[in-house]
Each structure stands twice: as structure tokens, then as C-alpha cells.
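Each chain, written out:
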Amino acid sequence: MKSRAFLKWAGGKYKLVEQIAERLPKSDRLIEPFVGAGSVFLNTDFSEYLLSDINPDLIGLYQTLQRDPDGYIREAKKWFTAENNDKETYYGIRAEFNQTHERWGRAVLFLYLNRFGYNGLCRYNKSGGFNVPFGSYKKPYFPEKELWFFAEKAQKATFFCEGYADSMARARSGDAVYCDPPYLPLSTTANFTSYASGGFSLDDQALLARGAHEIAQEQGATVLISNHDTPLAQELYHAAQLESLKVTRSISPKASGRKKVDELFALYRR
């Protein structure tokens, strides 16, 4: 039985965890340089996890939940009220979040913004301010069960707020590494997805592919990368074992925008 992440997350891998897990090698340790909502972490069984993301709010939440799950869940639940499910109130809380630098407060409000904001988006403006609009949901769900499951499993994990290159540099012989970068656009008119204020460029895509090849050959780790199956992706990952499969993905706000697209798995090993 699969476990859902407690965060709503654009590009989350809940629907693909079985396909990802069966392509990862038997190993004691899994490294995820783009942990996101953590669906792969939650649905695999490694003895140890190194989980990273460049988004300090995401990692701050995970570390806070890991250290004090009881206190965090109790405090976070207080924000899930009918009074706070209001457009004007949401924007006030969002402004409060953007003005505070206190770690505990940001961790609590980040979950509120994720659940009450639009479509599970995590987006920042050029100044680093969270700018996702109000979601207008009837009654946002408080994911208490999912929070507890994450907190319990997080006892096997170490969280780092760092870029993918630093995270991948931690790999050693026998490690499994799963990379879920912001995906390449399906067309030349599509925009790159950015989950943190820094963005993820085409140069980053190429450097990630090269880094995966290098740590597989030099360190003896096995690296699995997922991305859209496009001609550019095929070129970027030419040194890997490639496998394509069709998955259903929402590529527009309307149900009619849900269609089969090609997913590419690139597997690097010595």
C-alpha cells in the first residue's frame, strides 16, 4: 500500500513510485538531490537516506518535523480553520510568512500555504517572496496521518539544504541516487519549472547528466534520473541506459489537459 506525501507538490512522483523503485538497485543508502514532497523516500525501503533540496523552506519544514513531530503537528493543525480559509486572510498570512525569518514559524506557515494555496504550487518572486495565489478550496485537508508517517520514517534520514552537485558529491560506491530535476519543456514554447527562486537552467540539465555519469563511473554509485522523453533529453542522457514509458500527467488546469506523455528513465551505472 502506497503512502502519500503530506505536501501537495507539482511534479510529485506518487503515481510513479513503483516504476522508480523497481529500477533502483539494492543498496543500503538512497540519495535524493531533488527530494520534493518525498514520495520516493516514503515508498522505498533503504536503511539510510540523504535527502536534499535547494529550497530552504522545504528542508526547514522537514528538519523541524523530524526533531519535534508532536509539537509541530499540534501547532500546524491550529492554522487549518474555516476562518483561515479566506482569500484576504490567506494573503495576510502569506505576507507574514514572507516577513518572518524565524525557522519554526516559517515551517508551520509553509504547510498552511501549501494546502490553502493554489494547486500545490511552490513559487517565489525574484526577491524570494512566496507568491502562490489563494486556492479557493472548500475545506483544505490537514494531513495528520501523513505527517506522522513522514516523521517516523525521517528518523532514517538526514536532510540537507544544498544544490544537486553538492548532494551528488556525497555518493560513494554502492549508493543508489535518484534525481527528479525540474523537467525539460515538452515544447519550445513551454517554460522551465522553477521550485526555488534560483531556477533550473538548460546548463543545469547538462551538468546534472554529466555529474551522474561521473559518479557512476568514478564512485561506483548507481544513478537514476527521470525527465520528459524529448529529443533533447535523449541527447543529454546519451551515456545512460534509457527507457521510455507513457504516464498520465496534468499539463493544464482542465481535466481535458490530462493526457499520456512520454517519461524517460536514464540509468547510469559502472
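Residues numbered from 1 in each chain as written. Predicted model: local features only at pLDDT ≥ 70, side-chain atom pairs only at ≥ 80, totals over all residues. Heavy atoms only, no water.

In the annotation of an unreviewed UniProt entry, the entry for the protein chain reads Site-specific DNA-methyltransferase (adenine-specific), and the organism field reads Ferrimonas pelagia. According to the UniProt record, the Sequence similarities (unreviewed entry) comment for the protein chain is "Belongs to the N(4)/N(6)-methyltransferase family." Reading the Catalytic activity (unreviewed entry) entry of the UniProt record for the protein chain gives the comment "a 2'-deoxyadenosine in DNA + S-adenosyl-L-methionine = an N(6)-methyl-2'-deoxyadenosine in DNA + S-adenosyl-L-homocysteine + H(+)". (UniProt positions renumbered as here; feature names shortened; annotations may be inferred.)

This brings us to the packing of helix α4 (residues 69-77) against helix α7 (residues 144-153). As a packed pair, α4 and α7 sit with axes 11 Å apart at the nearest point and diverge in direction by 160°. Of the possible angle classes, the one that applies to α4 and α7 is roughly antiparallel. Note that α4 runs across α7; the crossing there is right-handed. Of the residues in α7, those touching α4 at Pro-69, Asp-70, Tyr-72, Ile-73 and Lys-77 are Glu-144, Leu-147, Trp-148 and Ala-151. Considering only residue class, the contact of α4 with α7 consists of six nonpolar, no polar and three charged. (Axes fitted to C-alpha atoms, helices over the stretch in contact; angles between N-to-C directions. Helix = DSSP H or I, 4+ residues; strand = E, 2+ residues; numbered from the N terminus. Parallel < 35°, antiparallel > 145°, perpendicular 65-115°, else oblique. Left-handed = near helix turned anticlockwise from the far one by under 90°. Contact = heavy atoms within 4.5 Å. Nonpolar A, V, L, I, M, F, W, Y, C, P; charged D, E, K, R; others polar.)

Moving on to the pairing of strand β1 (residues 29-32). Residues Arg-29 and Ile-31 line one face of β1 and the alternating positions Leu-30 and Glu-32 line the opposite face, and both faces are buried. Note that β1 and strand β2 (residues 48-53) share four bridges and pair parallel. Opposite Leu-30, over in β2, you have Tyr-49 as the bridge partner. (Buried < 20%, exposed > 50% of the residue type's maximum accessible area, 1.4 Å probe, protein only. Pairing = 2+ DSSP bridges.)

This brings us to α7. Think of an α-helix as turning once every 3.6 residues; residues three or four places apart then point the same way. Those residues of α7 lying buried are Glu-146, Leu-147, Phe-150, Ala-151 and Lys-153. Packing partners of the buried residues in α7 comprise α2 (39-42), β2, α3 (56-67), α4, α6 (103-116) and β3 (157-161).

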